[in-house]
Every structure is written in structure tokens, then in C-alpha cells.
Amino acid sequence: MLTTLKTSYTDTRAADLAWALGREPLPALAVLDLELTGAKLQLRLLGASHQVLLEEEEHSCSETVACMPGSSTPLPLGVSKRFGTWEYEFAARVETLSHGSFAGRAQELLALVADHPNGLAGTFPGSPHAFTAMLAQRHEGQVRWRTWHAYPQEGQLVVTRTRIGVRMPASL
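Fair warning: this is a prediction, and the values are worked out from it, not measured in the lab. (Residues numbered from 1 in each chain as written. Predicted model: local features only at pLDDT ≥ 70, side-chain atom pairs only at ≥ 80, totals over all residues. Heavy atoms only, no water.)

Engineer: Before we move on, can you summarise the packing of aromatic side chains with the specific residues and values?
Structural biologist: A complete count under the given rule lists two aromatic pairs for this structure. What links up through ring pairs into an aromatic cluster is the set W19, Y88 and F90. (Phe/Tyr/Trp six-rings, centres within 6.5 Å; stacked < 30°, edge-to-face > 60°.)

Engineer: Lay out the pairing of strand β12 (residues 156–166) in plain terms, naming residues and giving numbers.
Structural biologist: Across a regular strand the side chains alternate sides, sitting on one face of the sheet and then on the other. With nine of 11 residues buried, β12 lies mostly within the body of the structure. Sheet analysis places strand β11 (residues 142–151) next to β12, joined by 10 bridges and oriented antiparallel. Within β12, the residue paired with T147 across the bridge is T160. (Buried < 20%, exposed > 50% of the residue type's maximum accessible area, 1.4 Å probe, protein only. Helix = DSSP H or I, 4+ residues; strand = E, 2+ residues; numbered from the N terminus. Pairing = 2+ DSSP bridges.)

Engineer: Which residues make up the sheet that holds strand β6 (residues 59–66), and what are the values?
Structural biologist: Strand order in the open sheet made by the five strands is β2-β6-β5-β4-β3, with antiparallel pairing throughout. Each edge of the sheet is formed by a strand with only one pairing partner; in this case those strands are β2 (18–21) and β3 (30–36). For this sheet, the mean inter-axis angle between neighbouring strands, taken without regard to orientation, is 10°. Examined bridge by bridge, strand β5 (residues 49–56) and β6 share eight bridges and lie antiparallel to one another. When the bridges of β6 are listed, V52 appears paired with E63. (Axes fitted to C-alpha atoms, helices over the stretch in contact; angles between N-to-C directions.)

Engineer: How would you explain the sheet that holds β12 if you had to name every residue and give the values?
Structural biologist: What links the strands of a sheet is backbone hydrogen bonding, and the strands pair in either a parallel or an antiparallel sense. Pairing is mixed in the open sheet, where seven strands are placed in the order β1-β9-β10-β11-β12-β8-β7. The sheet is open, and its two edges are formed by β1 (2–4) and β7 (78–83), each paired on a single side. Taking each pair of neighbouring strands and ignoring which way they run, the sheet shows an average axis angle of 15°. With five bridges joining them, strand β9 (residues 119–123) and strand β10 (residues 131–139) adopt antiparallel strand pairing.

Engineer: Pulling in residues and values, what's your account of the nonpolar core?
Structural biologist: In terms of nonpolar packing, the biggest core is built from 31 residues, with L41, L43, L54, V143, W145 and I164 touching the most fellow members. If you list the elements that add at least two residues to this core, you get β3, β4 (39–46), β5, β6, β8 (86–96), β10, β11 and β12. With near-sequence residues (within four places) excluded, I164 lies in contact with L54, C61, F83, W86, E87, Y88, Q142, V143 and W145. (Core = buried A, V, L, I, M, F, W, Y, C linked by side-chain atoms within 4.5 Å. Contact = heavy atoms within 4.5 Å.)

Engineer: Report on the pattern of salt bridges, specifying residues and quantitative values.
Structural biologist: Under the criterion given, the structure shown has seven salt bridges. Its salt-bridge partner being E87, residue R82 comes within 3.6 Å of it at the nearest N-O pair. Of the residues examined, R82 reaches a relative accessible area of 58% and is grouped as exposed. For E87, a relative accessible area of 16% puts it in the buried group. (Salt bridge = Lys/Arg side-chain N within 4 Å of Asp/Glu carboxyl O.)

Engineer: Which residues make up helix α1 (residues 99–114), and what values do they have?
Structural biologist: Look at α1: 22 Å from first C-alpha to last across 16 residues, which is about the 22 Å you get at 1.5 Å a residue. For α1, every residue scored as buried is listed here: F102, A103, A106, L109, L110 and V113. Considered in projection along α1, the buried side chains sweep an arc of 135° and stay on one side of the axis. Turned more than 90 degrees off the buried face of α1, the exposed positions are G100 and Q107. Packing partners of the buried residues in α1 comprise β1, β9, β10, β11 and β12. (Expected span 1.5 Å × (residues − 1). Arc of directions from axis to C-beta.)

Engineer: So what's going on with the layout of surface pockets? Which residues, and what values?
Structural biologist: In this structure, the largest pocket occupies an estimated 210 Å³ of space. L53, L54, E55, S60 and C61 are the residues nearest the centre of the largest pocket, which is lined by 14 residues in total. Counted by class, the lining of the largest pocket contains seven nonpolar, four polar and three charged residues. There is about 160 Å³ of room inside the second largest pocket. Taken together, H116, L135, A136, Q137, R144, W145, R146, W148, R161, T162 and R163 form the lining of the second largest pocket. Elements that contribute at least two residues to the lining of the second largest pocket include exactly β10, β11 and β12. (1 Å grid on protein atoms, 1.4 Å probe; cavity = no way out; pocket = protein on both sides within 12 Å on 5 of 7 lines; lining within 4 Å. Points joined across faces, edges and corners; volume = space filled by probe spheres on them. Nonpolar A, V, L, I, M, F, W, Y, C, P; charged D, E, K, R; others polar.)

Listed below in C-alpha cells is the structure:
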């Protein structure tokens, strides 16, 4: 699903993004509710980027990647956490692209997510290449999602990848 977000573009620099687990739901501009084989997932586009809410059996998880005033946790390159029987992995990277490459990559990503049943993308007023996009799936018992946060004025694309699921015992 592709939508135009009715808000000003508030997180205008990739360096302003922060990461948090466990935050309460924040006001969303667009929401996509998904059911992925027993897991309830809500993809949320915020004025300041994204939030994902996951519920499965007795567990729940909230991931927020956004411009959060007062946040002391900048966007990490990687996080691995355990809570209960769940294992959570998060990775982020920043791609810096030329103006022409950025426009092409933005169009490619928006087309991919817009037509996907588990995808949500929102463009911000002022630039067709200023967007946040999210795509979720269930694979081998795990829920996974990827996000893309576009900053055309900097030529930067922040890409995140998250995997969460029941911790598997180590094989011998």
C-alpha cells in the first residue's frame, strides 16, 4: 500500500534517527494490520519514521525507528536481544547515493512495496523521493521486516532489517 502522508517532513536527516524497543504506540499517519500465521503485526508510519508492533502467543514487541526528541539511543548498526523465548535481531546501514542513483532506487523500492500485500509506504509532501517504506514476512517460524527511510536532500537511504522469533536450541 502506498500513501501520501499528510504531514511535514520532520526527520530530515538520517543522523537524526534513533532506535527503541518497548515504546508505547505513537500517533501514526498510516497503519497496516497484518496476520502472519498466528502473529499479529502492525506496521505504522509516523511523521518521524516508523514503528512496528508485534503480538504472538504470550509475547509482544514494539520497535521504533524515528526522530525522537530526548532519545539517548542513536540508530545502532546492530542489536541482538533475548526476552523470554524470543530472540530479536536488528541491523541498520546508511547508503549514500548520487542524485540519479537515488531517484532510481527510490522508484524501485516504492514500486516493490506499493504492490506487496505485506507492504506499507508513505511519501512526504515536497519530494516524491522522500519516503518511509516497510515490508514484512513470516519465514521459517520467524517474523521479519525491512524498512527504508529516504533522505533525498542528503542522498541517503537508511535501510533496516529486523528478525524476531522463538530462540532455537543450538545444534550439536
